[in-house]
Amino acid sequence: MVGKNCFAIASDRRLGVQLQTIATDFQRISKIHDRLFIGLSGLATDSQTLYQRLVFRHKLYQLREERDMKPETFASLVSALLYEKRFGPYFCQPVIAGLSDEDKPFICTMDSIGAKELAKDFVVAGTAGESLYGACEAMFKPDMEPDELFETVSQALLSSVDRDCLSGWGGHVYIV
Amino acid sequence: MDNANIGIPPKGGFSFDLCRRNDMLSKKGIVPPPSYRKTGTTIVGLIFQNGVILGADTRATAGSIVCDKNCEKIHYMAPNIYCCGAGTAADTEAVTDMVSSQLQLHRYHTGRESRVVTALTLLKSNLFKYQGHVQAALVLGGVDATGPHLHTIYPHGSTDTLPFATMGSGSLAAMAVFESKYREGLTKEEGISLVCEAICSGIFNDLGSGSNVDICVITKGDKEYLRNHQLPNPRTYISSKGYSFPKKTEGTCITKLFPT
């Protein structure tokens with residue numbers, strides 16, 4: 001979700017195999033660099049593989065360009081990597097959030113074959129996605145300060161996750 | 001992708017190495033198949049006196065949920081050629097981006113403005129190569145040295161050249177408007193209002209189309225991209241209070257990190 005010169009990215013903490021819970025502290029959101037985070041929902045093995053490939057490509061980029069990747073560029077990279085596997089996709093929906101030039105927040109989500117969806121307010125992904133659309137639509141206000149943004153994101157996440165059997169066990173929220 | 005160079009960017013094209021695994025997973029029923037974002041759309045184009053007008057709605061759906069209320073379906077191909085896309089969102093974006101780059105390289109090579117038939121041939125041969133599995137249905141329009149052109153391209157690679165065209169799930173609703181009101185030699189204002197009417201008819205009568213109307217007017221040497229030209233679906237009854245939560249959220253553990 002986007003705030004005033006800041007963004008928030010949040011995920012739940014459950015890892016499960018259909019109805020059995022394997023872990024209750026699973027980290028779904030990973031840092032690419034200080035101003036860019038990616039959350040990967042879906043099949044855990046695909047999200048780990050995809051994350052490792054992205055970190056690899058970002059490190060190569062850093063070596064070549066001697067700077068960090070901009071969020072817009074990174075989103076195109078993720079989209080290309082996912083579309084490459086169009087007919088045998090990764091079962092993974094990424095949510096990308098970052099600060100681009102002049103601290104302007106950038107958020108984006110994709111389906112599992114890389115169709116980018118840029119939004120100015122919020123993006124959602126995962127099994128509780130439909131419920132999250134409703135919660136965020138109702139609770140979002142433009143230009144929220146970081147503290148207020150934290151509260152809003154947490155409430156939206158917790159309320160949607162409470163109505164979904166496959167998500168739960170609290171949440172991780174990153175405000176940047 | 002080969003085993004030795006697993007991370008190195010490949011030469012291009014699709015890679016099929018996860019197909020066997022995905023097949024096994026879907027047979028075992030462990031993982032539900034992913035739903036792709038479609039643009040269940042209304043896209044239209046018509047030729048008027050001085051050029052081409054393209055129009056599109058702005059709704060993107062994933063299953064029966066609207067996942068983007070204001071997406072862009074009119075894609076840039078060349079300064080004088082634009083393309084509307086319906087079908088699977090990733091496919092339309094990828095195929096139009098790719099052909100747009102190929103057109104740019106062709107322009108550098110020949111030193112001339114791109115022609116609409118060039119874009120048409122590149123798109124149709126690409127879509128035919130994948131035998132319809134790349135699900136992109138496109139309305140391509142532009143004005144080049146030989147005049148205004150409008151084409152439709154179907155996912156399997158067949159094309160039509162028409163004075164007015166509609167594609168997408170709302171195509172029947174929009175075509176009804178065109179068939180009754182289109183005539184040769186429309187002016188720009190008449191053309192724009194006819195396209196708006198056709199898209200609105202798609203928006204209100206088709207469940208897969210909605211939100212706003214985007215228009216692109218291409219004439220010789222000039223183009224106008226009217227993003228959100230009409231907003232027939234504003235969000236009404238917004239609660240002025242909003243939701244505000246008191247500072248404390250239960251059970252949080254806050255860690256502040258500063259960049260190193």
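Residues numbered from 1 in each chain as written. Chains lettered and ligands numbered in written order. Predicted model: local features only at pLDDT ≥ 70, side-chain atom pairs only at ≥ 80, totals over all residues. Heavy atoms only, no water.

This part takes up the pattern of salt bridges. If the charged atoms of two oppositely charged side chains come close together, the side chains can form a pair. On inspection of all chains with the given rule, the structure shows 17 salt bridges over all chains. Among the charged side chains, a network of salt bridges with common partners joins E72(B), D214(B) and R227(B). (Salt bridge = Lys/Arg side-chain N within 4 Å of Asp/Glu carboxyl O.)

This part is about the nonpolar core. Among the nonpolar cores identified, the biggest contains 38 residues, and L46(B), I53(B), L54(B), F178(B), V195(B) and I215(B) are the most heavily contacted of them. Of all the secondary structure elements, the ones that give two or more residues to this core are β1 (43-47), β2 (51-56), β6 (81-87), β7 (136-144), β10 (164-167), α4 (171-181), α5 (188-205) and β11 (213-219) of chain B. Element by element, the count of residues in this core is highest for α5(B), at eight residues. Other than its neighbours up to four places away in sequence, F178(B) contacts V44(B), G45(B), L46(B), F164(B), A165(B), T166(B), L194(B), V195(B) and A198(B). Among the nonpolar cores identified, the runner-up in size contains 23 residues, and Y83(A), L123(B), L127(B) and A136(B) belong to it. (Core = buried A, V, L, I, M, F, W, Y, C linked by side-chain atoms within 4.5 Å. Buried < 20%, exposed > 50% of the residue type's maximum accessible area, 1.4 Å probe, protein only. Helix = DSSP H or I, 4+ residues; strand = E, 2+ residues; numbered from the N terminus. Contact = heavy atoms within 4.5 Å.)

Turning our eyes to something else, we now look at the packing of helix α1 (residues 44-65) of chain A against helix α2 (residues 71-84) of chain A. All names here are of chain A. Relative orientation of the contacting elements α1 and α2 amounts to 130 degrees, with a least axis distance of 11 Å. In terms of axis orientation, α1 runs oblique to α2. Relative to α2, α1 is oriented so that their crossing is right-handed. Where α1 abuts α2, its residues L50, R53, L54 and R57 lie against F74, L77, V78, L81, L82 and E84. Class assignment of the residues belonging to the contact of α1 with α2 gives a composition of seven nonpolar, no polar and three charged. (Axes fitted to C-alpha atoms, helices over the stretch in contact; angles between N-to-C directions. Parallel < 35°, antiparallel > 145°, perpendicular 65-115°, else oblique. Left-handed = near helix turned anticlockwise from the far one by under 90°. Nonpolar A, V, L, I, M, F, W, Y, C, P; charged D, E, K, R; others polar.)

Right, let's talk about the interface of chain A and chain B for a bit. Contacts between the two partners involve 36 residues from chain A and, on the opposite side, 48 residues from chain B. Carbon and sulfur atoms supply 59% of the area that chain A and chain B bury against each other, a total of about 3700 Å² over both sides. Counting across the interface, chain A meets chain B through four salt bridges. One salt bridge connects R86(A) with D91(B), and the closest N-O pair in it is separated by 2.5 Å. Mapped by element, the contributors of at least two residues to the side of chain A that touches chain B are α1, α2, β8 (116-119), α3 (129-139) and α4 (146-162) of chain A. With six residues, α4(A) is the largest single contributor of residues to the side of chain A that touches chain B. Each residue belonging to the side of chain A that touches chain B can be placed in one class, and the counts come to 14 nonpolar, seven polar and 15 charged. (Buried area = accessible area lost by both parts, 1.4 Å probe.)

Here β11(B) pairs with strand β12 (residues 222-230) of chain B via six bridges, running antiparallel. Its bridge partner lying in β12(B), C216(B) is registered against Y225(B). (Pairing = 2+ DSSP bridges.)

The next subject is the sheet that holds strand β9 (residues 159-161) of chain B. Residues and elements named next belong to chain B. The strand order across the open sheet formed by five strands is β5-β6-β7-β8-β9, and the pairing between neighbours is antiparallel. Of all strands in the sheet, those bounded by a partner on one side alone are β5 (74-78) and β9. Taking each pair of neighbouring strands and ignoring which way they run, the sheet shows an average axis angle of 20 degrees. Two strands pair when backbone bridges link them, and strand β8 (residues 147-153) and β9 are joined in this way by three bridges, in the antiparallel orientation. Bridged to H151 within β9 is T161.

Right, let's talk about the packing of aromatic side chains for a bit. Following the criterion strictly, the structure yields 12 aromatic pairs over all chains and no others. Centroid distance F14(B) to Y130(B): 5.0 Å. Interplanar angle 75 degrees. Geometry classified as edge-to-face. Pair noted here: F14(B) is in the segment before α1 (19-28) and Y130(B) is in the loop between α3 (116-129) and β7, with a separation of 116 residues, a long-range link. You can call F14(B) buried: its relative accessible area is 18%. Since its relative accessible area comes to 22%, Y130(B) is described here as partly exposed. An aromatic cluster of at least three residues, connected via ring pairs, comprises Y83(A), F87(A), F14(B), F16(B) and Y130(B). (Phe/Tyr/Trp six-rings, centres within 6.5 Å; stacked < 30°, edge-to-face > 60°.)

All names here are of chain B. Three or more residues of α4 are buried, namely S171, A174, V177 and F178. Buried residues of α4 fall within an arc of 130 degrees about the axis and therefore sit on the same side. Those residues of α4 that are exposed and angled more than 90 degrees off the buried face are L172, E179 and S180. Of the surrounding elements, those touching the buried residues of α4 are β1, β10 and α5. (Arc of directions from axis to C-beta.)

Our focus in this paragraph is the side chain of T96(B). Residues and elements named next belong to chain B. Counting through the fold element by element, T96 comes out in helix α2 (residues 89-110). Note on T96: relative accessible area 1%, which makes it buried. Apart from residues lying up to four places away in sequence, T96 is in contact with H75, M77, C83 and L138.

As a further point, take the confidence of the model for chain B. For chain B, per-residue confidence averages 86 on the pLDDT scale, and 91% of positions sit at 70 or higher. Scored as a complex, the prediction yields pTM 0.86 and ipTM 0.83. (pLDDT = per-residue confidence, 0-100.)

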